[in-house]
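Analysis of the macromolecular model
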Amino acid sequence: MWSILCRPLEGLTLATTLVVLTGIITLLGLAAAKDVDQVPKLDLTKIMNDKVYSKVFVRRREEHKLLVNHLRSIDDYAKRYKLMKLGLDEIIRVIREEGGKLRGNQITAKSEFPKDQELITALAQFLENTCLFGEIVLHFPDMSYRILKNVTDWRELMTQALDYTKAFNHILDDKSIELLGLLNQEINVDQRTDEYVNPYREVETVATEPPKKKKKDKAKLKKGPSLTPSRNEL
């Protein structure tokens, strides 16, 4: 997985790109070795804490930016739409499932960093996927809204997710905190300031219609004696 995330995205198959896009990351990137099959399973409970994970988080955010650039490079609207739909659907699924685990175990920004490996992974996936959602929606708002309109509670769900995520300011980097602030204003119109502008919105180019051809004027009848006899004629 780590080798997939680190190599350039050009040339990736659709299936492989989707795996990367969803942000379902298991933190196996902490183990660097040439032979992946020989890498011993790490006990994250012994080495992971908020300071260590904050460094991992920054690396994940860099990968998110590569994904955004890859999406931008896709000129085919249908292909980009399909990729983004599958990605956003998966992100929302992760937010629901992992959020339930975190709530059930009362994991908050004020509580101690999780010691259970399943909860460490749940927290990582929740924070990372919330930020990845922000990257996608802010960079591709029109297409994102078209995809999300069929998810009735997405706005409430993701507003709660970003509020939860922002509370972990001791883990998040400044740029991610700024991004989440923009996301909150982007998806909640009532919370926008007068100065709000989405700096990531793509400039849409409107194709100019070709000039309409002028209709040819009907040939005017030549003036002259009429061949049809007048009604006044005998």
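Note that the structure is predicted; figures quoted are calculated from it, not measured.

Conventions and cut-offs
- In this numbering scheme, every chain counts its residues from 1 along its sequence in written order.
- Local features in this predicted model are restricted to residues whose pLDDT is 70 or higher, and side-chain atom pairs enter the listing and the counts only when it is 80 or higher, whereas totals over whole chains, interfaces and linings include all residues.
- The side-chain figures draw on all heavy atoms in the structure; neither hydrogens nor water molecules are used.
- Elements are defined by DSSP. Helices are runs of H or I of four residues or more, strands are runs of E of two residues or more, and each kind is numbered from the N terminus.
- Buried, partly exposed and exposed residues are distinguished by accessible area as a fraction of the type maximum, computed with a 1.4 Å probe on protein chains only: under 20%, between the cut-offs, and over 50%, respectively.
- Accessible surface area values rest on a Shrake-Rupley calculation with a 1.4 Å probe, where residue burial reflects the displayed protein chains alone.
- Each residue after the first adds 1.5 Å to the expected span of a helix.
- Only heavy atoms enter the contact rule, under which two residues are in contact if any of them lie within 4.5 Å.
- Here, a salt bridge means any Lys or Arg side-chain nitrogen found within 4 Å of an Asp or Glu carboxyl oxygen.
- N or O atoms within 3.5 Å of each other form a polar contact, as long as, within protein, one can give a hydrogen and the other can take it, and as long as residues adjacent in sequence are counted only when both atoms are side-chain atoms.
- Between N-to-C directions, angles span 0 to 180 degrees; the directions come from axes that are lines fitted to C-alpha atoms, helices contributing only their stretch in contact.
- Any angle that falls under 35 degrees is termed roughly parallel, while one over 145 is termed roughly antiparallel, one within 65 to 115 roughly perpendicular, and all others oblique.
- In this scheme the handedness of a crossing depends on how the near helix is turned from the far one: anticlockwise by less than a right angle means left-handed, clockwise means right-handed.

In terms of helices and strands, the protein carries 9 helices and 0 strands. Going residue by residue from the N terminus, the α and β elements of the protein occur as α-α-α-α-α-α-α-α-α. Among the 234 residues that make up the protein, the fraction classed as buried is 40%. Of the roughly 15,400 Å² of accessible surface on the protein, 54% is carried by carbon and sulfur atoms.

Take unusual backbone geometry next. In the Ramachandran plot, Q106 falls in the positive-phi region, its phi being about 55° despite a non-glycine side chain. On the secondary structure map, Q106 appears in the loop between helix 5 (77-104) and helix 6 (117-139).

The subject of this paragraph is helix 8 (residues 154-166). Between its first and last C-alpha, helix 8 extends 18 Å over 13 residues, near the 18 Å set by a 1.5 Å rise per residue. The inward-facing, buried residues of helix 8 contact helix 5, helix 6, helix 7 (141-148) and helix 9 (174-187).

Looking now at the pattern of salt bridges. Counted by the stated rule, this structure contains 13 salt bridges. Linking E97 and R93 is a salt bridge whose minimum nitrogen-to-oxygen distance equals 2.7 Å. Of this pair, E97 and R93 both sit in helix 5, 4 residues apart, roughly one helical turn. Taking the relative accessible area as the measure of exposure, E97 reaches 41% and is therefore partly exposed. When the shortest N-O distance is used, the salt bridge between E98 and K101 registers 3.5 Å. One end of the pair, E98, and the other, K101, are both in helix 5, 3 residues apart, so they sit about a helical turn from each other. What emerges from the salt-bridge pattern is a single network uniting R59, R60, E62 and E63.

This part covers helix 5. Between its terminal C-alpha atoms helix 5 stretches 40 Å, which fits the 40 Å expected from 28 residues at 1.5 Å a residue. For helix 5, the N-terminal capping position is held by D76, with its side-chain oxygen 3.0 Å away from the main-chain nitrogen of A78. The positive-phi residue at the C-terminal boundary of helix 5 is Q106, with phi of around 55°.

For any two helices packed against each other, the geometry comes down to the angle between their axes and how far apart the axes lie. Remark: helix 5 packs on helix 7, axes separated minimally by 10 Å, with the N-to-C direction vectors making an angle of 60°. On the basis of the axis angle, helix 5 is oblique to helix 7. The element helix 5 and its partner helix 7 pack so that their crossing is right-handed. Residues Y77, R80, Y81, M84, K85, L88 and I92 of helix 5 form the contact with helix 7, whose participating residues are M143, S144, R146, I147 and L148.

Remember, this is a structural readout, not a statement about activity or role.
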